[in-house]
Amino acid sequence: MNRGDTVELKIESFAFGGDAIARHEGWVIFLQGALPGETVSAEITEKRAKFYKAKLLKVLKPSPHRVKSPCPYFSECGGCQYLHVSYEGQLEAKKKQIEDLFTRLGKIASPPIKVLGSPEPLHYRNRVKMHLLKRDKKVLLGFKGATGKGLVQVDHCMIANKTINENLTPIAGQLQKLRRARTVHIRSNAEGKVDFWTDKLALSKGTTLMEKVRGKAFETPSGAFFQVNPAMTDTLTREVESFLDKDSQVLIDAYCGVGLFSVLFADKFQAVLGIEQDQDSIRWARKNMRAYGITSGIFYEGSVESNLERALANNPDKKHSVILDPPRDGLHRDAVRALCRKKIHQIIYVSCNPSTLARDLGLLSSTYKLLGVTLVDMFPQTMHSEVIACLKPAL
Ligand SMILES: C[S@@+](CC[C@H](N)C(=O)[O-])C[C@H]1O[C@@H](n2cnc3c(N)ncnc32)[C@H](O)[C@@H]1O
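Residues numbered from 1 in each chain as written. Predicted model: local features only at pLDDT ≥ 70, side-chain atom pairs only at ≥ 80, totals over all residues. Heavy atoms only, no water.

K.L.:
Just give me the short version of the packing of helix α1 (residues 87-106) against helix α8 (residues 354-364), but keep the residues and values in it.
P.N.:
At a minimum axis separation of 8 Å, α1 and α8 run at an interaxial angle of 45 degrees. Relative to α8, α1 is oriented oblique. Crossing handedness for the pair α1 and α8: right-handed. In contact with I98, L101, F102, L105 and G106 of α1, α8 contributes P354, S355, L357, A358, R359, L361 and G362. Looking at the contact of α1 with α8, its residues break down into 8 nonpolar, 3 polar and 1 charged. (Axes fitted to C-alpha atoms, helices over the stretch in contact; angles between N-to-C directions. Helix = DSSP H or I, 4+ residues; strand = E, 2+ residues; numbered from the N terminus. Parallel < 35°, antiparallel > 145°, perpendicular 65-115°, else oblique. Left-handed = near helix turned anticlockwise from the far one by under 90°. Contact = heavy atoms within 4.5 Å. Nonpolar A, V, L, I, M, F, W, Y, C, P; charged D, E, K, R; others polar.)

K.L.:
Got a sec to walk through the site of the ligand? Specific residues and values, please.
P.N.:
The environment of the ligand is formed by 17 residues, the closest being Q227, Y255, E276, V304 and D325. A distance of 3.0 Å separates a nitrogen atom of the ligand from a polar atom in the backbone of Y255. About the coverage of the ligand: the protein hides 89% of its 590 Å² of free accessible area. Elements represented by at least two residues in the shell around the ligand include exactly α4 (260-265) and α6 (304-313). For the shell around the ligand, the per-class residue count stands at 8 nonpolar, 5 polar and 4 charged. (Near = heavy atom within 4 Å. Polar contact = N/O pair within 3.5 Å; in protein donor to acceptor, adjacent residues only side chain to side chain. Areas by Shrake-Rupley, 256 points an atom, 1.4 Å probe, with all protein chains shown as cover.)

K.L.:
Tell me what's going on with unusual backbone geometry, and back it up with residues and numbers.
P.N.:
Despite not being glycine, E25 shows a phi value in the positive range, around 50 degrees. By the secondary structure assignment, E25 is in the loop between β2 (20-24) and β3 (27-31). With phi around 65 degrees, Y255 is a residue other than glycine that occupies positive phi space. Tracing the backbone through its elements, the reader meets Y255 in the loop between β14 (250-254) and α4.

Dropping the structure here:
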């Protein structure tokens, strides 16, 4: 096979990341825009050491899951990968990717994966990160291109909520003077309030937005993390709650942000310990707890890897539920070591990156067995998945 050759391919699956995978003459070929089960004609565009890349030319036999993308930017914009796939097909693909990652990276067998889809697969995001494009002395907003190179100017995003879309042009207007800024984060809440900050200057520094989950308010400062899909945040917290063991006495909320799990579950435990390294987030976690008169919470400011052991030692004879909700990089090796040094009553790992989750579950498998896995589809239309894994000590 050479660059420029046209080949007929039968698509096998989606790779993690959304590219379609096919095999030809014993080689793996990656291409964008095709769906599992389809037969397509494609042009070979690149040869790498272990695989080829190709460009989709024509779909010869379409998948029943192929749909017309509702977004005019889809072919160029790198924000979404699955707008051409039915929502049912997206959930099926994500479930299979998680099973494959568990086997390939974690070397563990997954129990049957429960799948919880988003009630609104479009216009669900309450937060976006956009790039500033400077054209003809004007600042415009956009996303990274699908090829990973360049930026695509966008006036309306199919996964951002109405408030964000209505505010894109006014915010671009307010950014005109910030010529050195490269990115802007825009966040909105259910009351229609908007906060935004750039990489160079937090325009609204010191402000907070109030997010409500299951009737509880969480003040969240500019720059701090909060879940991006409100309907699925409700689902996520209910699913985590369903995994919580009734026998547990102490909750450790590792990577606690502004205290989402600590506040929601405090009444189920004798004590709650939150760990978070972002100073603003932990300050608000404390305040969010106090706002509900909860006095059983202690929050450690610092990394989980350097504070987990101390947190576990705090109530050594009690049964612990440890919720881990790390960023995409997953757990630091020292955090894994601290978890494996004890037989913790129960671990609930909430992950926004199934590949680091698979790696970490593999590392934890010497001490813990995997009892339950749920895919909570926080990020429809995109390659991203939120997964909850529930672990108990192996006998
Ligand atoms: C995915 S968010 C989860 C936040 C919270 N559980 C929630 O649902 O709102 C991850 C959080 O971990 C924090 N973080 C990142 N690395 C950390 C580390 N090594 N130790 C402690 N916190 C960390 C981030 O600041 C962020 O607030």
